Every structure is written in C-alpha cells, then in structure tokens.
Amino acid sequence: MFTIDYATAKDIPQMMKIIEESLPLIPDPDWFVGDTPEFYAKHIRECGFTLKATYDPAGVLAAFFTVRYPKLDSDNCGYDLDFTDTKLLKTVHMETCVVHPKYRGHHLESRLMKNAIILLNETDYRHLLGTVHPDNIPSLKAFLTNDFHIEKTLKKYGGKLRHIMYREI
C-alpha cells in the first residue's frame, strides 16, 4: 500500500504542499516548526537524507521524514544534553515528519522513522535525537515505538516547549 524510498529534489514541491495542507489541521501551532524548500533541498543532498512514503498505486506522496546531521552546528540538540564534541559528531536529528491529512492513521511517521534507523545503523552515527511538543501524542508515540525516551524537556525554537527524545544505536 505504501512504498518507502529516498526523496529527491523533485519531491520538494509536493513536500511543501503537504506542509501547507497540514498546518491548518494541527491542533496547536506550537507543535510544528516548518522549514523552507532550501532547507529540505540541503537535507536531501548534503546534510542528511529524507525518506518519503508514497501511496500505491496512485504514486502520491503521502508523508516525508527528514534526518539531519547537525555536526557542531549551534542548534545540535546534543548541546542541550551536554554531549562532548566527539558525541556531537556522531549525533543525528530526526528532524521533520509531515503526513498528508488524507493518509494519517497508517503509522507513517513511525514507519519512516524505523526505516531511517535501519539506514543509520549502517553509518557511524550513534546518537539519535529529536524534539516533540509534549502534547503532540501521535509524534511522541512514533518516537516511543522506535525505542526513544524523553531525555529532557525545555523550551526551544523561540520558546516552544519540547521533549528532547534520545536513542542510541
């Protein structure tokens, strides 16, 4: 029913459309901090990867999930956890997941995250971090289902409350 594969730059317009269609349906605007097409292009090409779930047989983009290698960037969540530079360099951010409203209820965020973890097992990255608003139960469940735990809760992204989720591989 759904095929999971790497997203490409050609998918970015559809990704932005999914964000646009999803934003009005989010119960609290503090739950989601979106990014620009340039951000997603960079994380398809250079600083990570993006997975997509395509609904078959229509071939429609149903969801996407971005993984980022923050290295020593100032926004690496590892700094919030007092990681050493060595640990920061082996840290990944489970950055963004957006599921088209029509395809919610199929556990796509959890499935995309699971596939990302499988791919990351083949790399030197060992510390997986992500952030989620405490009231965003579907995203929190996706992290917990994939063996993450709440490491810390604090304000990020201009004062928005977030759990920092952590898993080591």
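Predicted model only: the values in this text are computed from it and were never measured. (Residues numbered from 1 in each chain as written. Predicted model: local features only at pLDDT ≥ 70, side-chain atom pairs only at ≥ 80, totals over all residues. Heavy atoms only, no water.)

A. Broad picture of the nonpolar core. Counting residues in hydrophobic clusters, the biggest one holds 28 residues, and the most contacted among them are F65, V67, M94, L108, M113, L120 and F148. At the level of elements, β2 (48-55), β3 (60-68), β4 (91-99), α4 (108-120), β5 (127-132) and α5 (137-145) are the ones that each hand at least two residues to this core. L120 has contacts with F49, V67, Y69, V92, M94, Y125, R126, L128 and I169, leaving out every residue within four places of it along the chain. Judged by nonpolar contacts, the second largest core, of 15 residues, contains M15, I26, I44 and V98. (Core = buried A, V, L, I, M, F, W, Y, C linked by side-chain atoms within 4.5 Å. Buried < 20%, exposed > 50% of the residue type's maximum accessible area, 1.4 Å probe, protein only. Helix = DSSP H or I, 4+ residues; strand = E, 2+ residues; numbered from the N terminus. Contact = heavy atoms within 4.5 Å.)

B. Structural view of the pattern of salt bridges. Tallied over the full model, the rule gives eight salt bridges. Here K52 ties to D11 by a salt bridge, and the two come within 3.1 Å at their closest N and O atoms. Here the residue K52 occupies a position in strand β2, and D11 occupies one in the loop between β1 (2-6) and α1 (12-22), the gap between them amounting to 41 residues. On the accessibility criterion, K52 (16% relative accessible area) is buried. A cluster of three or more residues bridged by salt bridges with shared partners is formed by R68, D73, D75 and E95. (Salt bridge = Lys/Arg side-chain N within 4 Å of Asp/Glu carboxyl O.)

Distances and angles like these do not, on their own, reveal function.
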